[in-house]
Amino acid sequence: MTSTNGSKAAQLRQAAEDAFAEEIAALRTADDRPRPPNWQMSPQAVVTYLMGGRLPSGLEISPKYIGDRRLMEIAVATLATDRALLLLGVPGTAKSWVSEHLAAAICGTSRLIVQGTAGTSEEAIRYGWNYALLLAKGPSREAVVGSPVMRAMDEGRIARVEELTRIPSETQDSFITILSEKTLPIPELNAEVPAQKGFNLIATANNRDRGVNELSSALKRRFNTVVLPPPATIEAEIAIVESRVAALGRAFEIPAEPPGADQIRRVVTIFRELREGVTADGKSKVKQPSGTLSTAEAISVVGSGLALAAHFGDGRLSAHDLVSGISGAVVKDPVQDAIVWREYLETVVKERSDWKDLYRAARETA
């Protein structure tokens, strides 16, 4: 799909293949290793694109995923076989982000995507019809409106399915024939669309949604599952938040100073402690709220605080700018989570001498 509204530079958010076009082109040029059919770079180059590195030309490839390299190697190797890839994890563990960048690096487009919802139909996965042509000429290949999956099969590309477990179970099973037979039948035309070399599928699902529409055993067997965990260390999580907030600041042209490392560390520390139910020093247990307090939410809190500082403050991110966002992320249940947040403020935040400004801001907001 091509945009007709202005330049790519003016877009609010560019697709991965556009935002990182220079890196992808440089990797393709430098890549002299064998490539699977219809891949635009080798599996090793795809992993370098995801994890970052320096090319012989001196170009620095920025890391897209900060975590276990082996997970990315397994994901890429899976896509070089006949197995589809399922990225599984709690909300906010970069599943969609990794899916997008995998597709962009492997086949040059991340836009062949099906968004899973409770209302996703078989037509969104298989094909639909142009009813004007259908009425005028009857069933014909010209009247078929291909889904993103069908187009990926026809072109030998990667299709993406977001939130697979939100799709109704009877609709999910439309993938079984596609993934096992590598063909999409069109019985109305007594025809089929065979998958070209290079076709594969990346699906994402989060652990908390497993009970919504559980995958059938038959469908599970068609996937290799890679579980993306939350960042293993606080330093890794801080690096992720810092990088993504900087990108958001540039995209939205927020006129504020980059957030200080101490403010980001505060947000990440709070999220990790409440998520894990214990303080960073391991000395005190804390109650856990109902929400996930993911890295993605930490990015959102810092980004929102930065906008507050820029437009309604002095341009420097402060505790006062952060506290409403933190409170909003923590308190999803207005009764139970509110108690968890108040107890955390009184027993943890209040006792930290260098967090007095955060405690005061939280009390004022409350």
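Residues numbered from 1 in each chain as written. Predicted model: local features only at pLDDT ≥ 70, side-chain atom pairs only at ≥ 80, totals over all residues. Heavy atoms only, no water.

1. Notes on helix 16 (residues 336-349)
Let me state the cut-off plainly: Working definition: helices are DSSP H or I runs of at least four residues, strands are E runs of at least two. Numbering for both runs from the N terminus. How far a helix is expected to stretch is found by multiplying one less than its residue total by 1.5 Å. Per-residue accessibility, obtained with a 1.4 Å probe over protein chains only, is compared with the maximum for each type, and a residue is labelled buried under 20%, exposed over 50%, and partly exposed between these values. Here, the arc refers to the directions that run from the helix axis to the C-beta atoms. Contact between two residues is taken to exist if any of their heavy atoms lie within 4.5 Å; hydrogens are not considered.
Between its first and last C-alpha atoms helix 16 spans 19 Å; for 14 residues at 1.5 Å apiece the expected length is 20 Å, and the two agree. All of the buried residues in helix 16 are D337, A338, V340, W341, Y344, L345, V348 and V349. Mapping the buried residues of helix 16 onto a view down its axis gives an arc of 160°, with all of them on the same face. Facing away from the buried side of helix 16, by more than 90 degrees, are the exposed residues Q336 and T347. Next to the buried residues of helix 16 lie helix 13 (261-276), helix 15 (319-330) and helix 17 (356-365).

2. Observations concerning the domain arrangement of the protein
Note: interface size is frequently given as the accessible area lost on complex formation between the parts. Using the following cut-off: Annotation comment: domain bounds sourced from an automatic or database domain assignment. Buried area: the sum, over both parts, of the accessible surface (1.4 Å probe) that disappears when the two are put together. Counted as salt bridges are all cases of a side-chain nitrogen of Lys or Arg within 4 Å of a carboxyl oxygen of Asp or Glu. As used in this structure description, the phrase polar contact means that two N or O atoms lie within 3.5 Å; if the pair is within protein, one of them must be able to donate a hydrogen and the other to accept it, and residues adjacent in sequence are counted only when both atoms belong to side chains. Charged means Asp, Glu, Lys or Arg here, nonpolar means Ala, Val, Leu, Ile, Met, Phe, Trp, Tyr, Cys or Pro, and polar covers whatever is left, Gly included.
When its domains are assigned, the protein resolves into domain 1 (69-226) and domain 2 (234-365). Here the C-alpha centre of domain 2 lies 36 Å away from the C-alpha centre of domain 1. On the domain 2 side, the residues contacting the four residues of domain 1 number seven residues. Summed over both sides, the interface between domain 1 and domain 2 buries roughly 390 Å², with carbon and sulfur atoms accounting for 56% of that surface. Summed over the shared surface of domain 1 and domain 2, the number is zero salt bridges. Counting the contacts that link domain 1 with domain 2 gives zero residue pairs in polar contact (both at pLDDT 80 or more). For the side of domain 1 that touches domain 2, the residue count by class is two nonpolar, one polar and one charged.

3. What to know about the environment of V330
Along the chain, V330 falls in helix 15. In this structure the C-alpha to C-alpha distance between V330 and R275, which are 55 residues apart in sequence, comes to 9.7 Å.

4. Details of unusual backbone geometry
Of note, A94 is a non-glycine position whose phi angle comes to about 75°, a positive value. Its location among the elements puts A94 in the loop between strand 3 (84-89) and helix 5 (95-107). Unlike most non-glycine residues, L293 shows phi in positive territory, near 50°. By secondary structure assignment, the location of L293 is in the loop between helix 13 and helix 14 (295-312).

5. Description of the pairing of strand 8 (residues 183-186)
Our working rule: Between any two strands, at least two bridges found by DSSP are needed for them to pair.
Pairing geometry for strand 8 and strand 9 (residues 191-194), over four bridges, is antiparallel. The partner of P185 across the bridge, within strand 9, is E192.

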